Amino acid sequence: EPEEESPPAAPAGFEGLATPMVRKMARERGIDLKGIRGTGPHGCIKPEDLDQMPQAAQ
Amino acid sequence: MPEEILATFQIKRLSVLNENGSADLSLMPELSADEIWRMYQLMVLARCFDERAVSLQREGRLGTYPPIRGQEAAQVGSAFALKASDWVFPSFREMGAHLTLGYPIPQLLQYWGGDERAQKTPPDLNIFPFCVAVGSQIPHAVGAALAIRYRRDPAAVVVYFGDGATSKGDFHEAMNMAGVYQLPVVFICQNNQWAISVPLKGQTASASLAQKALGYGFEGVQVDGNDILAVYRATLNALEKARSGAGPTFLECLTYRMADHTTADDAGRYRSDEEVALWSGRDPILRLERFLAASGAWTPEQGRVVKDEAIALIDRAVGEMEAAPHPSPAELFDG
Amino acid sequence: MPEEILATFQIKRLSVLNENGSADLSLMPELSADEIWRMYQLMVLARCFDERAVSLQREGRLGTYPPIRGQEAAQVGSAFALKASDWVFPSFREMGAHLTLGYPIPQLLQYWGGDERAQKTPPDLNIFPFCVAVGSQIPHAVGAALAIRYRRDPAAVVVYFGDGATSKGDFHEAMNMAGVYQLPVVFICQNNQWAISVPLKGQTASASLAQKALGYGFEGVQVDGNDILAVYRATLNALEKARSGAGPTFLECLTYRMADHTTADDAGRYRSDEEVALWSGRDPILRLERFLAASGAWTPEQGRVVKDEAIALIDRAVGEMEAAPHPSPAELFDG
Amino acid sequence: MAQLNMVQAINQALADEMARDDRVVLLGEDLGRDGGVFRVTEGLQERFGPERVLDTPLCESAIMGAAVGMAAYGLRPVPEIQFMGFTYSAFEQLFAHAARLRSRSRGRFSCPLVVRTPYGGGIKAPELHEESTEAIFCHIPGLKVVVPSGPYSAKGLLLAALRDPDPVLFLEPTRLYRMIKEEVPEGDYQLELGKARLARKGSAVTVVAWGSMLERVLKSVDGYDAEVIDLLTLNPLDLETLLASVQKTGRAVIVHEAIKTCGLGAEIAATLAEEAMLHLRAPILRVTAPDVPVPLAKLIDQYLPGPDRIRAALDEVLKY
Amino acid sequence: MAQLNMVQAINQALADEMARDDRVVLLGEDLGRDGGVFRVTEGLQERFGPERVLDTPLCESAIMGAAVGMAAYGLRPVPEIQFMGFTYSAFEQLFAHAARLRSRSRGRFSCPLVVRTPYGGGIKAPELHEESTEAIFCHIPGLKVVVPSGPYSAKGLLLAALRDPDPVLFLEPTRLYRMIKEEVPEGDYQLELGKARLARKGSAVTVVAWGSMLERVLKSVDGYDAEVIDLLTLNPLDLETLLASVQKTGRAVIVHEAIKTCGLGAEIAATLAEEAMLHLRAPILRVTAPDVPVPLAKLIDQYLPGPDRIRAALDEVLKY
Ligand SMILES: Cc1ncc(C[n+]2csc(CCOP(=O)(O)OP(=O)(O)O)c2C)c(N)n1
Ligand SMILES: Cc1ncc(C[n+]2csc(CCOP(=O)(O)OP(=O)(O)O)c2C)c(N)n1
Ligand SMILES: [Mg+2]
Ligand SMILES: [Mg+2]
Ligand SMILES: [Mg+2]
C-alpha cells in the first residue's frame, strides 16, 4: 500500500499507533508516543523504533 | 397375489380392578395382604409428598414443581415390581417411583429446591438423575440394557416417560434399537393424556400409544394406569420377560394428570372442569381403598392413620431439607 | 374387563405383475400402452444413466456415486404418478425419479461431479436438493404439506427415503406430525434391504416397514417395489387420497439394491453372491419386458432401440456436463 | 406510544406482521391455545386461527424441519422452541438445512424463517431452562443471530427479522420478559439487523454486552467513563461500531452469561486483536460464566457474571 | 517399531485397549462386519465378537444416547459417528447428557466414553462429509476434544482418551488417514490430554494448527523463522505452551479449516489477547475457511486455507 511506502508526516493530534507491548516498553523508557509515527504498517511504532527515540530522564 | 394381507396384529388392554374396586380374580397378581397394604401406604405417601411440594412452592420454599397427582398407581405399582439390581431412568414426574424405591425424601425435595446435590443418588439405588429434556432419557435405558446383556447381569431396566415424549425421535430410536437387540428393557409410558396444554390427539393420531410397539417388533400393552394391581402385574411380567432374555415390552399406562402441568401452569386455560371432575372420580387411591374396604381391610380410620404417618414423614423430610446448608460456589465445579 | 382386545390391525401387500410379468387385471392401473412404453423407456434411461455414472466415476470423471440399479421401478413408477404442481423431497438415490420428472441430465451428473450448481432445480420443477443426512428431509415434506394445506393448493408432497432412514428420529417425527394434521403427503420408503452393510433385520425387528404406519394413525402398505405397475398404482392412489384431504399414506416399496452402496463401497464384504443373484432374477426392467412381450409389445430388437436412444441421450448429457466451465471461487458465496 | 414490556412488544410485532403478511405462520409447543408458556403468543391463535398458530406435537426437530419445508414452499414460518436448552435436537435442521438451503441450491430455494426462543439465566427454573449457547449458532454460516435488550429493540428487531430473506435466530432474554417497560411505538418500525447500539457513551473503556447482561452492565458501570455497546445482532457482528469505539477507548471488556471457552466473547476479542490491535492499550478481558453447566437455582447467582466481577474487570483494564 | 498409517494406528490402539480392558465396547454404523467405511475398525468384530463391536441401526442420536447409558452402567463405550457432519442429531445426547452427567449427579454417575469421528475436508466426498465444527464441541463444558495430526499422536492420544474418566471427542482428520506413515511403537504409550506439541521451533512468529492443517502449515512455513504448535487437544487448551511460545515470538497466526466466525481460532486469539497482550508486537491473524458451508469437490481447494494464504498471513505479521 502506497501509504506505507512514503509515510506522510503525522497529522496534528495523531495518537501513536502501537501494540500494548510497545506501549508498555515506551512507558518503561518514559517515551511519549503521542504524535509519533513509526516505521511499521499504518505508521505504527515498532519496538525497534523506540531505540531511535529520545528517552525521558529516568 | 393381489392385495394380500401381509399381517394381522392385536393390541391388548389390561385391567384388574374395575372402577368400583372389584378385582378380576383370574388376573390378580400374587401379592400378600401386607404387600398390597404397603402399596397403599406408598400411594398415600406420594400423594402427601405431592401436596406438600405444591404448597412449599406456593410459599416460595421450593421452585417450580410438577405434580404427580392422579399418577400414583402408575408410579408406585410399576416401581413396586422392581428389584434392587434393576436400573431406573425417570423423566421428571416420577416422584412416586422414587418414594417407592426408597429415595431419601429430603433429597427428593431438594431437587425441586434447585440444588444439584439432590441428584447424587445413594449408592445402593440405580436411579438415574431426573431428565428434563423430554424423551432424551429413553436411549440411556437401551444403553444400560446393552451393558446388562454384555455383562450377563441378572437385571432389567425400566424407563419412564410421558405421552408427549412419544412424539420425540428419541422414543422411536430407543424402541427400535431395543427391538433389534431384543434387550431387557421395559418402556413405561405414563399416558396422562396431556403434555402441558396439548391433549393426546394433538400429540398423535394413533388410537392407542401401545400400538406404536408394533413398528418395533415387540409387544405393546395398554394398562389401566389408575389400577395399581394391573400396573404391577404388567410390569412384573415385562420385567420377568426381560430378565429371561425374551426382550423388551412397551407399557402404556393410561392415566390422567389431575393437577396443573407444573406450579407455573394454569390448566384452566386449556381443559374443561368436566374432564378433570370425571378423572377425579377415577382417583387411583380411591380405587384401591374400595378394593380393600370390600374385604374389610380398609376403614376411613385406618386411612387417616396411614395419611398421618405419611405427613409426619414428609414433615421431617422438609425440616431436614431446609436444614441443609446452602451449597458453596465451589460446588459448581463438583462432580 | 380382563385382557380385552383393544384393537386389531391388518397390513396389506400390493403387487400387479408377478415375477413372470403376468398381470392381475383386476389391479391393473389405468395406463395407455404409450404410457407404459414411456415408463419402460424411463426405466431403461435410468439404468443407462446409472451404468454410465458408475463408469465415469471409475474413470475419475465423477466423484463418489450411489447406484440405483434394481430400484428403477420404485423410482420411475412413483414419479410417473406425480403432477407438476406436486413437491418432491428426494434422498440421494432417486435419480430415476429425477429423470422421470425431466430434471436436466447434465445437471444431474454435475451433482455427482461435486458442483453445487447442479442443485439449482429448474424453476418449473418442485424438486428439493438431494439430502445426504439420511432421513433429515422427511420433516421438510411435512412442512411443505402444511403450507399446501394452508394455501389450499391442489398439490401433494412425496418424500423418498430408504429402509435405513426409518431408524432415524426424523422419520418418526415427520410421520407422527403428518398423522396429527392429516396432511397431503406420501411417504415412499424404498426398502432395498440394505443400509450400506446393515441388512434390514439389523435395522429393525419389525416384520415389515409398512406396519410402522400403525403407530401414526394412517395407512401403511407394502408394495412390490420391483413391479412398476404396482408402484404406480399405489402412488397414484395415495396422491389422490392426499389431494382429496384424506391424509397421508406410507408406502414401503420392497426392492433390492443390486449394486454396491456407492462406488466407494464393496458389497462383497458383507453380503452373499446368492442373494444378489436371486434379486438379479427379479430385475424390474426384465419384469416389465416380460409383461410387454407377452402381448407382443416388446421384442429384443425394440429393447435395443430404446437402449440406444437412452445411451445417446446420456452421451450428449455427459458432453454438456463436461463442457460446463469450472465454478469460480466467487460461487462459494452464491445463492 | 405505550409503555410495554418485552412480552407485549414481541406479541405486538408478531400480531402486526401476521396482519400485514399472510405468509407468516407460527408453530411450536403450547403457543396456541395456551398462548405460550410465557404468554408471548397470547391471543394470536384466537385472532388468526389454528392454521396460522399451530400447536405442534412435542418435538423440536420436527418443528424446525417442518418450518424448513414451509419456508421453502413460500411461507414465513416462525418456529418457537420453548427454551433454548431444547434447541439441541433441532440443531441438525437448523445447521444442515435452514442455514444452507440458499447456498446449496444456489438460490433456487431459500429459507426465510425466524426461530424464536427464550434464553438465559436468572429465572430460577429447572435444568436446561437457562441456557445461553448463542456462540454455537454464530458458528453456523447462513444464520443470523439477534438478541434484543428491551421491549423497544425487541419489536424493531423482530419486525426486521420477519422480513429478512434468510433464517434468523431470535433470542429472547427470559429474565427481561417482564422486567423492563419502555415506550414502544405502535406502528411499524425496524431496527436494521447487523447494527449495534451505543447504549452509553464513554471514552476510557468499551464494554460489549447483549441480552440480559446489558442491563447488568449498565448498572455496573456507574462511576466509570465507560462506553457500552449493546450488540443486538450477534452474527454478523457490527464491526464498524465495535472498532470505532475501541479505537477511541483503547480498552475492551466483554461480558456474557455463556461460559468462557468458545463463547461469543472470544470472537469479539479475536476480531479486536486482529483489527484494532494498534489501538489497544490493555489486555482484552472477558467476564463470563465459568466453564461448567448452568446450575440450578441455588447457585445461579454465583454462576452469572455479577456487578463485582464486571467492575473488577474494568478496574483491571483501567490500570493500563 | 512399525511404520503405520493413521488408520492402522487407530485400529491398533482400539484392539490393544479392548484386549486390556473388557469394558471397552465399540458401537456405530457399519463398523463391525464391514470394518467401518474407512476400515478403521477392520478385523475387530471378528476378534472381539458382535457384542463388543456392535453394528447399530442407522441413528446417531441413539448411538450416542445408548453410549451414555452404557458408560453410566460401567462400560467404556466408543461410539463412532460415520462423519462429523452427522454429529448434529447426536448433539443433545452429547451436550445435555454425556458432558453433564458427572456434574449434575455430583459424581454419582460418570460418562467415560470416546466419540470417534472422521472430520475435515479435502477428500472430495459428498455433502456433509467434510465438516470441521470442532469449535461447537469446545463450547460444551465437560467434554474434552482431541485431534491427532499423525499416526503416532493418534495412537497415543486415543489410548489416553480411552482411559480418561470423562467423555472425549476424538476427531480423526480424514485427509490424513492414509497420507502419512510414521514409526508407531507397538506397545502401550499415552500422550497426555491437554498438552500441545512443538512441531517446529522458531522465534519470529508462532503458528497454531491442528489436524490436517498441521501438515499444510509445516509445508508452508519453509523459509520462515516460525514456531509451529500442534494443538492435539483443542479443549482444554494448553495455555502454558501457547503462552510460552507467543511470549517469545511476539506474533501469532492461527490456521484452521473451519469457518472463521466463532471458530476455535477465536478462542485462541482471545486467550492471547487476554494473557499475552503485553508481549504482542503484531495483530493476531486467523487463516480460516470463509463463512460459507463446506463446498462440494469442485471448490473445496478454494475453500480450505492453502499455503498462499498461510504465507500471506506470516508476511503480514512479520511487518511489525
Ligand atoms: C425437549 C423438551 N421440549 C420441551 C420441554 C418443555 N416441557 C416440559 S414437560 C412438557 C410436556 C411433557 O409431556 P409428557 O411427555 O406427556 O409428560 P408429562 O408432563 O405429561 O408428565 C414440555 C413440553 C422439555 N422439557 N423438553
Ligand atoms: C445421518 C447419516 N448417517 C450416516 C450417513 C452415511 N450413510 C450414507 S447412506 C447410508 C445408508 C442409508 O441406508 P438407506 O436409508 O437404506 O438408504 P440406501 O442407501 O439403501 O438408499 C449411510 C449410513 C448419512 N449419510 N447420514
Ligand atoms: Mg433427533
Ligand atoms: Mg403427559
Ligand atoms: Mg436401503
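The structure reproduced in this document is the subject of the present report. Keep in mind the model is a prediction, meaning the values are calculated, not measured. (Residues numbered from 1 in each chain as written. Chains lettered and ligands numbered in written order. Predicted model: local features only at pLDDT ≥ 70, side-chain atom pairs only at ≥ 80, totals over all residues. Heavy atoms only, no water.)

## Let's talk about the coordination of the magnesium ion (ligand 4)
Residue and element names in this part refer to chain B.
- Surrounding the magnesium ion (ligand 4) are the protein donor atoms Asp163 (OD), Asn192 (OD1) and Trp194 (O), at 2.0 to 2.1 Å.
- In primary-sequence terms, the residues that donate to the magnesium ion (ligand 4) follow D-x28-N-x1-W.
- You can call asparagine 192 buried: its relative accessible area is 5%. (Donors = N, O, S within 2.8 Å, 3.2 Å for Na, K, Ca; no water. Buried < 20%, exposed > 50% of the residue type's maximum accessible area, 1.4 Å probe, protein only.)

## Section: the packing of aromatic side chains
- Throughout the structure, instances matching the rule amount to 57 aromatic pairs over all chains.
- Look at Phe38(D) and Phe83(D): their rings are 5.4 Å apart centre to centre, the planes differ by 70°, and that puts the pair in the edge-to-face class. With Phe38(D) in the loop between β2 (24–28) and α2 (44–48) and Phe83(D) in the loop between β4 (76–80) and α4 (91–98), this pair connects stretches of sequence that are 45 residues apart.
- Classification of Phe38(D) as partly exposed rests on a relative accessible area of 21%.
- Three or more aromatic residues link up through ring pairs in this structure, and these residues are Tyr88(D), Phe91(D), Phe95(D), Phe137(D), Tyr88(E), Phe91(E), Phe95(E) and Phe137(E). (Phe/Tyr/Trp six-rings, centres within 6.5 Å; stacked < 30°, edge-to-face > 60°. Helix = DSSP H or I, 4+ residues; strand = E, 2+ residues; numbered from the N terminus.)

## Topic: the interface of chain C and chain E
- Between chain C and chain E, the contact holds 31 residues from the first and 29 residues from the second.
- For the chain C and chain E pair, buried surface summed over both sides reaches about 2,600 Å², with 60% attributable to carbon and sulfur atoms.
- Counting every contact that joins chain C to chain E gives three salt bridges.
- The salt bridge partner of Arg269(C) is Glu42(E), with a shortest N-O separation of 2.8 Å.
- Where chain C packs against chain E, one counts twelve residue pairs in polar contact (both at pLDDT 80 or more).
- When its residues are assigned to classes, the side of chain C that touches chain E shows 14 nonpolar, eleven polar and six charged. (Contact = heavy atoms within 4.5 Å. Buried area = accessible area lost by both parts, 1.4 Å probe. Salt bridge = Lys/Arg side-chain N within 4 Å of Asp/Glu carboxyl O. Polar contact = N/O pair within 3.5 Å; in protein donor to acceptor, adjacent residues only side chain to side chain. Nonpolar A, V, L, I, M, F, W, Y, C, P; charged D, E, K, R; others polar.)

## Section: the interface of chain C and chain B
- Opposite the 42 residues of chain C that make contact, chain B presents 42 residues.
- Considering only the side of chain C, the residues that lose the most area to chain B are Leu6(C), Phe9(C) and Arg13(C), jointly responsible for 17% of the buried surface there.
- Along the contact surface separating chain C from chain B lie zero salt bridges.
- Remark: the boundary between chain C and chain B carries 22 residue pairs in polar contact (both at pLDDT 80 or more).
- Listing elements by their share of the side of chain C that touches chain B, those giving two or more residues are β1 (4–14), α6 (169–181) and α7 (200–203) of chain C.

## Describing the relation of the copies chain C and chain B
- Each copy superposes on the other: chain C lies on chain B with an RMSD of 0.0 Å after a rotation of 180° and an axial shift of 0.0 Å. Taken together, the rotation and translation describe the operation of a two-fold axis. The C-alpha atom lying nearest the rotation axis in chain C is that of Gly169(C); the distance is 1.8 Å.
- A share of 100% of the interface residues of chain C reappears at the interface of chain B, consistent with the copies meeting face to face through the same patch. (Least-squares fit on C-alpha atoms with pLDDT ≥ 70 in both.)

## Some thoughts on the packing of helix α2 (residues 72–79) of chain C against helix α8 (residues 228–243) of chain C
Residues and elements named next belong to chain C.
- Two elements in contact, α2 and α8, have axes whose closest approach is 8 Å; the angle formed by their N-to-C orientations is 40°. In this structure, α2 meets α8 at a crossing whose hand is right-handed. Seen from α2, the contacting residues are Ala73, Ala74, Val76, Gly77 and Ser78; seen from α8, they are Ile228, Val231, Tyr232 and Thr235.
- Class assignment of the residues belonging to the contact of α2 with α8 gives a composition of six nonpolar, three polar and no charged. (Axes fitted to C-alpha atoms, helices over the stretch in contact; angles between N-to-C directions. Left-handed = near helix turned anticlockwise from the far one by under 90°.)

## Some remarks on the site of ligand 1
- Lining the immediate surroundings of ligand 1 are 20 residues, of which Arg93(B), Val132(B), Asp163(B), Asn192(B) and Glu60(D) lie closest.
- One finds residues of chains B and D in close proximity to ligand 1.
- At 2.7 Å, a backbone N or O of Val132(B) approaches a nitrogen atom of ligand 1.
- Here an oxygen atom of ligand 1 sits 2.8 Å away from a polar atom, N or O, in the side chain of Asn192(B).
- Computed on the free molecule, ligand 1 has an accessible area of 570 Å², of which 96% lies beneath the protein chains in the complex.
- The residue inventory of the shell around ligand 1, partitioned by class, reads ten nonpolar, five polar and five charged. (Near = heavy atom within 4 Å. Areas by Shrake-Rupley, 256 points an atom, 1.4 Å probe, with all protein chains shown as cover.)

## Some points on the side chain of Glu94(B)
Residues and elements named next belong to chain B.
- Assignment of secondary structure puts glutamate 94 in the loop between β2 (87–89) and α3 (95–101).
- Buried charge without a partner: glutamate 94 forms no salt bridge, and the closest opposite charge is arginine 93, 6.9 Å away.
- Each residue touching glutamate 94, except ones within four places of it in the same chain, is listed here: Gln75, Tyr160, Phe161 and Gln190. (Lys, Arg positive; Asp, Glu negative; His and termini not counted.)

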